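What follows is each chain in one-letter form.
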Amino acid sequence: MAASPSISIAIVGSGGAGALTTGNSLLEAACAAGWYGLLTRTLGPQIRGGEAAALLRLAVNPVEGLPDQFDLLIGIDWLNAHRFGSEIKAGPGTLVISDPRGGDQPPMVTQSGARVFEIPMKEMAKTIPDGRPNMIALGIAGRLLDLTIEQVFAPIEKLLADKGPAAIEASHAGIKIGFGAAAGADFGTPLASPNPSSARRWLLSGNEATALGAIRGGVRFAAAYPITPATEVLEWLAPSLAKVGGVLLQAEDELAAINMIIGSSFGGTPALTATSGPGLSLMIEALGLATSAEIPVVVVDVMRGGPSTGIPTKSEQADLNIAVYGLHGDAPHLVLAPQSVGDCMFTTQWATYLAETLQSPAIVLSDQFMGQTRAAIERPADVAFIGARTVATDIAGAYERYALAANGVSPMAIPGTRGGQYTADGLTHSQRGIPTSGAADHLAQLDKRRDKLDHFNYGDHWAAIEGAGELAVLTWGSLTSAAREAIARATKDGIDVRLVAPRLLLPTQPERLAKAFYGVKRILVIEQTHGGQFHRYLRAHYDLPAPVRVFNRPGPLPITAGEIYRAITEWR
Amino acid sequence: MSTVDTQRAYKQADYKSDIKPIWCPGCGDYHVLMSFTRAFAQLGLPPEQIAVISGIGCSSRIPAYTNCYGFHGVHGRSLALAAGLKVTRPDLTVVVASGDGDGYSIGGNHFLHACRRNVDMTYVVMDNHIYGMTKGQPSPTTEPEFDTALSPGGTKVRPFHPLVVALASGANFIARCFSGEPNETAAVLVEAIKHPGFSFVEILSPCVTFRPDEKAWKDLVHPAPVAATTDPGKAARRIMTDDGFNIGILYRGNRTPFQPAVGAINIDLSELEKDFEL
């Protein structure tokens, strides 16, 4: 039987049933065996008592997007599974593992034509002291993937190391029963063997990658208020900053968080906060202060569905407008967007470097999808972007903090430097930093702050530009990975498609985009918003030199590679 | 507080900038500025080792009038900005300047948490019971019957009691001063800056433009009759029941300041990757 280069598995359970533990353990076991893969979790709004699903994709090569349809669907129970109906697609090719005592099968199973194989996981778990159905499910999935039982044990042993031998023994027993129970199930096309490779690989979430990128870029202080789906950035940073002599403060609110990092940076310590849309809204006023006072700071917004409280556990790209246009006054600043789990590290590191170099706030627009997806990736290459602020030392004579330097970046005196005393101010100020309402000073400093960003050479990192087709897919953020996969499929069909995905959203790069569009005859814009924010942003700042089609849809449903592929092939 | 520079004697004038204050003639804040520079000179702190952090309002103009490092930030957030600075730069002496609107209204939440957090800094609130910069609206400390254009007939709202709130929230040093007594105020500021942890100094600083009645404060203030207590229970009774014009150091706590270990540790950053390696 032919083997498949990738397979997809959904594990569903009511809140607390342990579907995510099963999924994460399976991902770790499969990645340790040499495959690549990812796991996205999907949750209802409740922490427990709602519903949870682990959506996995395992593959021979690195993969960063979800499938259109799942090959294997395991229902530990079906109590609230109908809520996933629009999110988890099954079909005639799907194998469903169902517990006959797990509640009524949802329409996504009964209406799909999928093959259903019943295994009484709950009853089996009862035969083991402290047995849990989710370990039976893990054994089933491990067996269907042709993992060895030791490979399935390993992540559980690590996870339960602190819980003692009895807990591990109960899990072993459950996995063994699951292994046996799956023997009769026909999975259909198996996953192709992993490629032997000596590449160093990481298994991490985008939020963890973001945090590592921040430290690599020089961040040594963070202040933040917990918020879904950004909290993992902070939870990784708190112990890790301490290892490098930095610190994270939990602020009383986002207003405090942003002002704390401005204070840290004013004192010479590069600083970052991470939040989501509601928090970014609260930080906007102080971001204007950082723009005016020219204090470098990095604000990561892990976007979720909005407006207001919106859908905290689901992804959307609808904070683009507030990130680009939210500040009052003319307030040029940096806006960047990572494109994948691994790119969260690069882009955050680059953002830190740019913020420090240009003495400007930088907003990094990540999103829930890549932020909370755990993926196996090849270790990204080291890059030399380390925050390097132009500081004033050996000051003799009158110091001018906001002197009109040729590149707009004036040396910054750090407190403690004799002769460099100045007052950083959100009031319009002179070159010396003295408040003024004079027209000439206002214009000079507005020009300075605009020009320092506009005249900087951002290099090729500004966008991912791949391929040379006459049809260009123009997208951004985590959709870049789905678009890349769709384009690869189209290329196999003989359709050349170009990918253009800006990583740098502000300042805009019209000349570079024009170059990227050379020879383009059709432009397909893909974005996850309701209002077409990216398309409107493009129209405001760029020349789109060919007919444009826009495929935009709000969250919570991810835009998949299959949907992008269809949009490409339908426009011939 | 940073170490005293023994190499050099500083004069009060060393802490004053050449920028002319924009306060009204007769404003109490002129005297507060004088108290600041006098206290800094008495402490012998190098001006570049001091950071004066403020928000928005008449009182918050003070950083630029000193010759220290300053930050005139957004309205109400000075304590947060100062915490980020002090925690990462414990070598600096950090003084935060605010007013009753900036500190007790828009910045009220940060006041609670700054007291709780107990970072080693001094918080000076110039309280004139009115919004001066926006021309005479009621603040959290304005009397309920005080008539303004925005609150005809008065707010009818009970005034905020900053000293009680500070004590209940964990401030480690609490004092009340009167701007018209710059020598006494400077002496209290010296003690506040030297005291470890979060020191709160409320300075009654009259607004002669919108509250000409406050010119009478000079006759109402009186030195606190007994020395500062270290007992929060006694301090609470004292602060709750005094007439609001009791001047001096009222409470000295002994909480350990919040200061996490910071400073460059040279480890290979690839150590951090081990969390993720397959």
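Up top is the structure.
Everything numeric in this text was worked out from a predicted model, so none of it was measured.

Visitor: I'm lost on the overall build of chain A in this one. Help?
Guide: Along its length, chain A carries 18 helices and 21 strands. Its C-alpha atoms put chain A at 85 × 60 × 45 Å along the principal axes. Residues classed as buried in chain A amount to 61% of the 572 residues present. Considering only contacts in chain A between residues 6 or more positions apart, those separated by 24 or more positions represent 74%. Accessible area of chain A: about 20,700 Å², with a carbon and sulfur share of 52%. Positive and negative side-chain charges in chain A, numbering 46 and 53 respectively, have mean positions lying 2 Å apart.

Visitor: Is there a simple way to think about the nonpolar core in this case?
Guide: A general feature of soluble globular proteins is that nonpolar side chains tend to end up buried together. Counting 163 residues, the largest nonpolar core has I88, I262 and L365 of chain A together with I53, F71 and F200 of chain B as its most contacted members. At 10 residues, the largest contribution of residues to this core is made by helix α12 (residues 341–358) of chain A. In terms of nonpolar packing, the next biggest core, distinct from the first, is built from 54 residues, I9, I76, F153 and A182 of chain A among them.

Visitor: What should I look at first to understand the side chain of E214 of chain B in this one?
Guide: The residue E214 of chain B is located in the loop between β6 (198–204) and α8 (217–220) in this model. Beyond its immediate chain neighbours, meaning those up to four positions away, E214 of chain B contacts N128, H129, S205, P206 and C207 of chain B.

Visitor: How should I be thinking about the interface of chain A and chain B in this particular structure?
Guide: How big an interface is tends to be reported as the loss of accessible area on association of its parts. Contacts between the two partners involve 60 residues from chain A and, on the opposite side, 51 residues from chain B. Three residues, E252, R418 and Q421 of chain A, lead the burial of chain A against chain B; their summed loss comes to 14% of the area buried on that side. Run the count over chain A and chain B and you get 7 salt bridges. Its salt-bridge partner being E273 of chain B, residue R200 of chain A comes within 3.5 Å of it at the nearest N-O pair. The tally of links between chain A and chain B comes to 27 residue pairs in polar contact (both at pLDDT 80 or more). Mapped onto the side of chain A that touches chain B, the elements with two or more residues apiece are α1 (19–32), β7 (201–205), α7 (206–217), α8 (231–243), β9 (247–250), α9 (254–266), α10 (277–293) and β15 (423–425) of chain A. Split into classes, the residues belonging to the side of chain A that touches chain B amount to 32 nonpolar, 15 polar and 13 charged.

Visitor: Could you clarify how one ought to interpret the pairing of strand β17 (residues 471–474) of chain A in this entry?
Guide: Taken residue by residue, a regular strand's side chains alternate between the two faces of the sheet. All names here are of chain A. By the alternation rule, side chains of β17 split into L471 and V473 and A472 and L474, which are all buried. A crossover connection joins β17 to the parallel strand β18 (residues 497–502) through helix α15 (residues 479–492); in handedness this β-α-β unit is right-handed. In this sheet, strand β20 (residues 522–527) lies alongside β17 in parallel orientation, the contact comprising 4 bridges. In the strand pairing of β20, V473 is matched with L524.

Visitor: Please explain unusual backbone geometry as it appears in this structure.
Guide: Where the residue is not glycine, phi is negative for most of them; where a peptide bond is considered, it is trans in most cases. Put simply, G306 of chain A and P307 of chain A share a cis peptide bond, and its omega is 0°. Following G555 of chain A, the chain continues into P556 of chain A via a peptide bond in cis, with omega recorded as 0°. Within the secondary structure layout, P556 of chain A lies in the loop between β21 (548–552) and α18 (561–569). If you check the backbone angles, D394 of chain A has positive phi at about 45° while not being a glycine. Along the chain, D394 of chain A falls in the loop between β14 (374–378) and β15. Residues other than glycine seldom take positive phi values, yet H129 of chain B does so here, at roughly 60°.

Each value, and the rule that gives it
Residues numbered from 1 in each chain as written. Chains lettered and ligands numbered in written order. Predicted model: local features only at pLDDT ≥ 70, side-chain atom pairs only at ≥ 80, totals over all residues. Heavy atoms only, no water. Helix = DSSP H or I, 4+ residues; strand = E, 2+ residues; numbered from the N terminus. Buried < 20%, exposed > 50% of the residue type's maximum accessible area, 1.4 Å probe, protein only. Contact = heavy atoms within 4.5 Å. Areas by Shrake-Rupley, 256 points an atom, 1.4 Å probe, with all protein chains shown as cover. Lys, Arg positive; Asp, Glu negative; His and termini not counted. Charge placed at Lys NZ, Arg CZ, Asp CG, Glu CD. Core = buried A, V, L, I, M, F, W, Y, C linked by side-chain atoms within 4.5 Å. Buried area = accessible area lost by both parts, 1.4 Å probe. Salt bridge = Lys/Arg side-chain N within 4 Å of Asp/Glu carboxyl O. Polar contact = N/O pair within 3.5 Å; in protein donor to acceptor, adjacent residues only side chain to side chain. Nonpolar A, V, L, I, M, F, W, Y, C, P; charged D, E, K, R; others polar. Right-handed = clockwise from strand over helix to strand, strands pointing away. Pairing = 2+ DSSP bridges.

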